Amino acid sequence: MFWKRTVPAIIVAAVGVIMLLSWFIPHAPFGELEIHATQWYDIIASFAMLLGALNLLKLQGTKVVKRQKGWPFSLAAILAFFMTLLFGFMIKGGYYPNLVDLGHNEEAVFVKIAELTDTDGKVTEVDIDEVRILYTSPSAEGEPILLHKAVVSKKAANKVIDELNALGAKVELGELKWGAHVQGNQTYYRWVFYTFFTPLSATMFALLAFFVASASYRAFKIRNAEATVLLVSGILIMLGRVPLGAFLTAWTQDIPWLSWFHLPTIQEWLYQYPNAAGARAIMIGIGLGIVGTSLRVILGIEKSFMGGD
Amino acid sequence: MAKITKFLEKLDSLDRRIIFLIIGLVVLFPLLVPLDLPIETTQLTEDAFNAIDQLPQEAKVLVSFEYGPSTKPELHPMAIGMLRHLFSKGNKVIVMCLWPDGLFMANEALEQVAHREFGLQYGVDYVNLGYRPGNEAIIKGITKSFEANFSIDSKGISITKIPIMHDIQTAKDVDFIFSLSAGYPGAIEWVLYAGDPLKVPVSSGNTSIQVNQLLPYVKSGQMKGIIAGMPGATEYETMVVEKIKNNTGLITEHAKTLLPVFETERNAKKFIGAQSIAHLAIVIFIILGNISFFVKRKNQRKY
């Protein structure tokens, strides 16, 4: 009991008091302690990611093993997890041909580079001109040639290097470092992000528009006075926020006594006054709640975060 | 009359697939045939624009990317507009990310604006410090030391070797903080842990749904305006174009040559037509739903 409840409570109380003091006393030693504490937090947050990954595997793995409802989705989640892990830590791609010197046959090299870098499959004079401008004076370290491929393996990069070297240019193999590959071009990690994560994530969010429309149709009904206020202000905000609202009520701007009925004006007023007042009240409530809960944790009254009863 | 009443009653149990189809069509139509709707600027966007516009040329601005692909249509156009505004004034930009996918968004925006449009030099005119886990602890951390939290940038270069970072030790050394945020951690955390304690002005670009939470900070002066959702992004794009067109305030010569690009490549203006029509469609659905509701209730009372 002592090690499970009392010691953690003492640690939490001590850290809580130190962090509180560091906020009001930014000088040594409290100011420095705060720097260390935030770095500890970063390290713990990184471990939390590992814990999260293990938890995902445990939960989804159990579903697959026990063939629970929706297990194929869990299997997809596990496979996606390992695929991303593989491309993050083991296979990176990100090789590139590094142009050191154009050689004597410059025009043929430009045409070849235009073919290799063009994305639409049609190499025009304009494309070749662009390449000519980009690669006329490669820097001493060499100019990376960004190929049109999503991922460049060592083999693919070497093939391009051989083709360009055959034309008289001097091209060497370049490689993105481990770590830098997660944000570099033509790597597997980037390919996973743009090929899978981006469309899936965008699709999920885009579906909201359909469900909002359907839910508004069914549930947004004038049943009482409060619902009426909500509905009217909702409609005014929805129309007033977009240019269409301004367009539909533009005529009110020409008549002084009607100018207040300009939808963007009404929407702005609703945002700035009733809405800001309500939001502020909620925030003050939340703030007081946080202070109360924090004090309870620091003083050892609140122990539910340690688990158990 | 009886037929109309029956039709209105039936509307209440309209198949939701029909609603989905109509919404799909009304969103698709303005994307295929762009609507040229007039853009009126609002106070919130004007405040954010003016706060950035008043920064001197040598100002260094910290831009934090806290959004991913799901909110990209709303936030990315404002990221592009805001970066165009900053670089057109010759400001230096330090980018960091509190969301892992923010790194990709930041790279995309910098590649387009800093590299392709302005042809700026990495490390001298701008830098991308990348992503660090830790949420608000990172914000709190950089108020004491950048190097302790970002020893290397996103390319793996030590920040001691990056010229732009030489005179930036903490967040206090930047002149302005701009958070492009779609949730937590985001704009509120920047105000609480960096803007207020260090007295560095903060502004933000957010999804429309976040504006409610952020307005109290704007009203109290803790935030210098907000770019709110796609309408805000459209307004900001317009203000940047108008500024260069009218040649007002600080504008570099190179930025003036980019005006045709800024006028034509405006994603927010392209998408706002679809959002306008979708809003109108939802309002019509709500009105129809209520008419149907009342007709049905009236008929039920008869019996």
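A quick note: this is a predicted structure, and the numbers were derived from the prediction, not measured.

K.L.:
Mind showing me how you'd approach the overall build of chain B here?
P.N.:
Of the regular secondary structure elements, chain B holds 13 helices and 6 strands. Here chain B, with 303 residues, has 52% of them falling under the buried criterion. Long-range pairs, those at least 24 residues apart, make up 75% of the contacts in chain B with a sequence separation of at least 6.

K.L.:
Just checking my understanding: could you explain the interface of chain B and chain A for this structure?
P.N.:
When the parts of a complex come together, some accessible area is lost, and that lost area is often taken as the interface size. In this assembly, 55 residues from chain B lie in contact with 49 residues from chain A. Among the secondary structure elements, those contributing two or more residues to the side of chain B that touches chain A are helix H2 (16–32), helix H5 (102–117), helix H6 (136–142), helix H9 (211–219) and helix H13 (267–302) of chain B. With 14 residues, the single largest contributor to the side of chain B that touches chain A is H13(B). For the side of chain B that touches chain A, the per-class residue count stands at 27 nonpolar, 20 polar and 8 charged.

K.L.:
Would you mind going over the domain arrangement of chain B with me for this structure?
P.N.:
As assigned here, chain B comprises domain 1 (2–33 + 270–302) and domain 2 (43–265). Between the C-alpha centres of domain 1 of chain B and domain 2 of chain B there is a distance of 40 Å.

K.L.:
Please explain the sheet that holds strand E2 (residues 143–144) of chain A as it appears in this structure.
P.N.:
The strands making up a sheet associate through backbone hydrogen bonding, with each pair oriented either parallel or antiparallel. All names here are of chain A. Here we have 3 strands laid out as an open sheet, ordered E2-E1-E3, and antiparallel in their pairing. Whereas interior strands pair on both sides, the edge strands pair on one side only; in this sheet they are E2 and strand E3 (170–175). As paired elements, strand E1 (residues 95–101) and E3 share 6 bridges and run antiparallel to each other. Residue pairing across strands places Asn 98 opposite Glu 172, the latter belonging to E3.

K.L.:
Quick question: what am I supposed to make of the nonpolar core here?
P.N.:
Nonpolar side chains in soluble globular proteins tend to end up buried together. Residues and elements named next belong to chain B. In this structure, Met 78, Ala 79, Leu 83, Ile 94, Val 95, Leu 214 and Ile 226 are the most contacted members of the largest nonpolar core, which totals 128 residues. If you tally residues by element for this core, the top one is H13, at 9 residues. Here Ile 94 is in contact with Lys 60, Leu 62, Val 127, Leu 129, Ile 164, Ile 168 and Val 174, once residues within four sequence places are set aside.

K.L.:
Help me understand the sheet that holds strand E5 (residues 202–206) of chain B, please; the structure alone is not making it clear to me.
P.N.:
All names here are of chain B. Ordered in space as E3-E2-E1-E4-E5-E6, the 6 strands form an open sheet in which the pairing is parallel. Looking at the sheet topology across the chains shown, the edges are occupied by strand E3 (126–131) and strand E6 (226–228). Going across the sheet, the axis of each strand differs from the next one's by a mean of 15°, ignoring polarity. Pairing of strand E1 (residues 60–66) with strand E4 (residues 176–181), which is carried by 6 bridges, proceeds in the parallel orientation. When the bridges of E4 are listed, Leu 62 appears paired with Ile 177.

K.L.:
Looking at this structure, how should I read the confidence of the model for chain A?
P.N.:
Caution is warranted with low-pLDDT regions, since their predicted coordinates should not be read in detail. Across chain A, the average pLDDT comes to 87, with 98% of residues at or above 70. Summarising per-element confidence for chain A, the mean pLDDT is lowest in E2(A) (78) and highest in helix H3 (residues 71–89) of chain A (94).

Conventions we followed
- Residues numbered from 1 in each chain as written.
- Chains lettered and ligands numbered in written order.
- Predicted model: local features only at pLDDT ≥ 70, side-chain atom pairs only at ≥ 80, totals over all residues.
- Helix = DSSP H or I, 4+ residues; strand = E, 2+ residues; numbered from the N terminus.
- Buried ≥ 20, exposed ≤ 12 C-beta atoms within 10 Å, placed from the backbone.
- Contact = placed C-beta atoms within 7 Å.
- Nonpolar A, V, L, I, M, F, W, Y, C, P; charged D, E, K, R; others polar.
- Domains from an automatic or database assignment.
- Pairing = 2+ DSSP bridges.
- Core = buried A, V, L, I, M, F, W, Y, C linked by C-beta atoms within 7 Å.
- Axes fitted to C-alpha atoms, helices over the stretch in contact; angles between N-to-C directions.
- pLDDT = per-residue confidence, 0-100.

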